[in-house]
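# Coordinate inspection notes
These are the residues of each chain, in order.
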Amino acid sequence: MLQLGGSTLDGLLQVFNSYINLLINALPGTTMETDQDNPGGSVQKTVRMAETESQQLALLANASMLADELLPRGAMKLAPSHQAGRILETPGRAADRQNRFPEHREWKRKLQRAVDRLRDSFCRQHALELIFNEDGEIRLTAEIYTSIGLNNKNEADWFPSPLFQVVFTKLTQIASIAMDMFVGRERFATVLLMRLTETVMLWLSEDQTFWGEIEGGQTPLTSLGLQQFYLDMEFVIFFSSQGRYLSRHLHQVIKNIIARAVDASAAATGIDPYRSMDSKVVLPEDQWFVEVSQIAMKMLTGEAYFGNIDRDVTRPTASVLSHGSN
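Residues numbered from 1 in each chain as written. Predicted model: local features only at pLDDT ≥ 70, side-chain atom pairs only at ≥ 80, totals over all residues. Heavy atoms only, no water.

Within the protein chain, the regular secondary structure consists of 13 helices and four strands. For the protein chain, the proportion of its 326 residues judged to be buried stands at 44%. (Helix = DSSP H or I, 4+ residues; strand = E, 2+ residues; numbered from the N terminus. Buried < 20%, exposed > 50% of the residue type's maximum accessible area, 1.4 Å probe, protein only.)

Here's what the structure looks like:
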C-alpha cells in the first residue's frame, strides 16, 4: 500500500489544479477558470497570454508531461517505502510500480482530468475561432446550401465549402506543430485533434438556427445543396481518417448529421436522394466524394493545383478537375 500520506497527494493535486487554471487563463478568449476540485476558488487572468498555436500547444505539452510522468514519479520517490529501498529504477518499471497502488492510480486519474480541462479549453477556443469570424458572425449558415439550387450551380464548382477548408487547414497546422511538440506522446496529440474536430461538428449538429432553416425554412434544401453539404461532411471524414484522428464517436456524429440533411431534402423535394430519377442519380456514389476530398486535400496542402491534374472527363471527379481552371 502506498505509504505517502493522502494529504500530501491532495496538496499536490490542488497545486496542480491551480497551475492548470493559470494555463487555461493564458489561452486567448478566457477570462476566469474555477478550480473544479476547489469549489468557490478561482484564478484571475494575471498570466501572460499564449498567443500563438505553438505557445498554446507548449502549455498542453508541459501539463501532460507533469501529469503523466514527473508528478507521479516524484510522488513515488517521496513514499517511505521508496525511501527505505532506494532502488534505482527505469521510468517504465517505476510506472508499473506506481499503478499497483489504488490510491496512486486514482490520484493520477485526477491529474489527467485536470489536463483534460486544459485540452477542452484549447478545443473550445479554436472551435469558436473556426465557427465565428472576427466580427462575431457565424461562418456556416443554412443559406450556403439552400441558395445553391437557386444559382444553377456549375459542375466545375464542386469543392468543400470555405469553412471546412479552414477547418482542415487549422487541423493540419496544429498536427504539424504537435508532431514535434509531443514526441513520445503521440496519443495525446491524436486525442487533441479528435476533440477539436468533434467540438466543431457537435456544434453544427446542435445549431438550432442552422437546422431550423434546413428543415423548415422558406427555401428548401435542393438536391444540389444536399450534394454540397454531403461533400463537406465526407471531406471531414476523409481528412480526419487520413490524419488518423477519426474516432468512432466523430464518425457517428457526422453520419447522423448527413442523415438529418438527407431527410430534410427528401421531405422538401419529395425525392429520395439515394435513388435514380429519370436515369440520373441524385447523389453521386461514395467514391465520387472520396476522390473530390482527396483532390481538395492535395490542393489545400499545395501538393497539386488544377493546372497540373490530368483532366479526364470520364472520371467522376472531372467536374472538380476543371475547378478554377477557367
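Having seen the model, we can carry on.
The next subject is the packing of aromatic side chains. All told, the structure shown has 14 aromatic pairs when counted by the stated rule. Aromatic pair Y230 and F289: ring centres 4.6 Å apart, planes at 20°, arrangement stacked. You can see Y230 sitting in helix α10 (residues 223-242) and its partner F289 sitting in helix α12 (residues 286-300), a full 59 residues away along the chain. Put simply, the rings of Y145, F210, W211 and F229 pair up and form one aromatic cluster. (Phe/Tyr/Trp six-rings, centres within 6.5 Å; stacked < 30°, edge-to-face > 60°.)

Attention now moves to the packing of helix α7 (residues 162-181) against helix α8 (residues 186-206). Between two packed helices, the angle of one axis relative to the other and the distance separating the axes together describe the packing. Axis separation between α7 and α8 bottoms out at 10 Å; the angle between their running directions is 165°. Taken together, the axes of α7 and α8 are roughly antiparallel relative to one another. For the pair α7 and α8, the crossing hand works out as right-handed. Here F164, V167, L171, I174, A175 and A178 of α7 lie close against α8, whose contacting residues are A189, L192, L193, L196, T197, V200, M201 and L204. A per-class count over the contact of α7 with α8 returns 13 nonpolar, one polar and no charged. (Axes fitted to C-alpha atoms, helices over the stretch in contact; angles between N-to-C directions. Parallel < 35°, antiparallel > 145°, perpendicular 65-115°, else oblique. Left-handed = near helix turned anticlockwise from the far one by under 90°. Contact = heavy atoms within 4.5 Å. Nonpolar A, V, L, I, M, F, W, Y, C, P; charged D, E, K, R; others polar.)

Let us look at unusual backbone geometry. Leave glycine aside and you will find that most residues have negative phi; peptide bonds, for their part, are mostly trans. With a phi angle near 65°, R244 is a residue other than glycine that sits in the positive phi range. Judged by its relative accessible area of 71%, R244 is exposed.

Bringing the environment of R195 into the picture now. Mapping R195 onto the fold places it in helix α8. A sequence separation of 72 residues divides R195 from C123, and the C-alpha atoms of the two residues are 6.7 Å apart. With sequence-adjacent residues up to four places away left out, R195 is seen in contact with R119 and C123.

What follows is about the pattern of salt bridges. Per the stated rule, a full pass over the model turns up ten salt bridges. Here R119 makes a salt bridge to D116, at a shortest N to O gap of 3.3 Å. Linking R119 with D116, this pair stays in helix α5 (residues 102-131), spanning three residues, or about one helical turn. Accessibility expressed as a relative area gives 9% for R119, which makes it buried. Through salt bridges with shared partners, a single ionic network connects E53, E129 and K170. (Salt bridge = Lys/Arg side-chain N within 4 Å of Asp/Glu carboxyl O.)

Moving on, we come to the nonpolar core. Among the nonpolar cores identified, the biggest contains 79 residues, and F164, M201, L204, F210, F229, M233 and F239 are the most heavily contacted of them. In terms of residue count, the dominant contributor to this core is α10 (ten residues). Each residue touching F239, except ones within four places of it in the same chain, is listed here: F164, V167, F168, L171, Y245 and M297. (Core = buried A, V, L, I, M, F, W, Y, C linked by side-chain atoms within 4.5 Å.)

For the rest of this paragraph, the subject is the environment of F239. Topologically, F239 is positioned in helix α10. Along the backbone, F239 and T172 are 67 residues apart, and their C-alpha atoms lie at a distance of 9.3 Å.

All right, on to α7 then. In this model α7 runs 29 Å from its N-terminal to its C-terminal C-alpha over 20 residues, within 8% of the 28 Å that 1.5 Å per residue would give. Of the residues making up α7, those classed as buried are L163, F164, V167, F168, K170, L171, I174 and A178. Looking straight down α7, one finds its buried side chains confined to an arc of 165°; they lie on one side. Exposed residues on α7 whose side chains face more than 90 degrees from its buried face are P162, M179 and D180. (Expected span 1.5 Å × (residues − 1). Arc of directions from axis to C-beta.)

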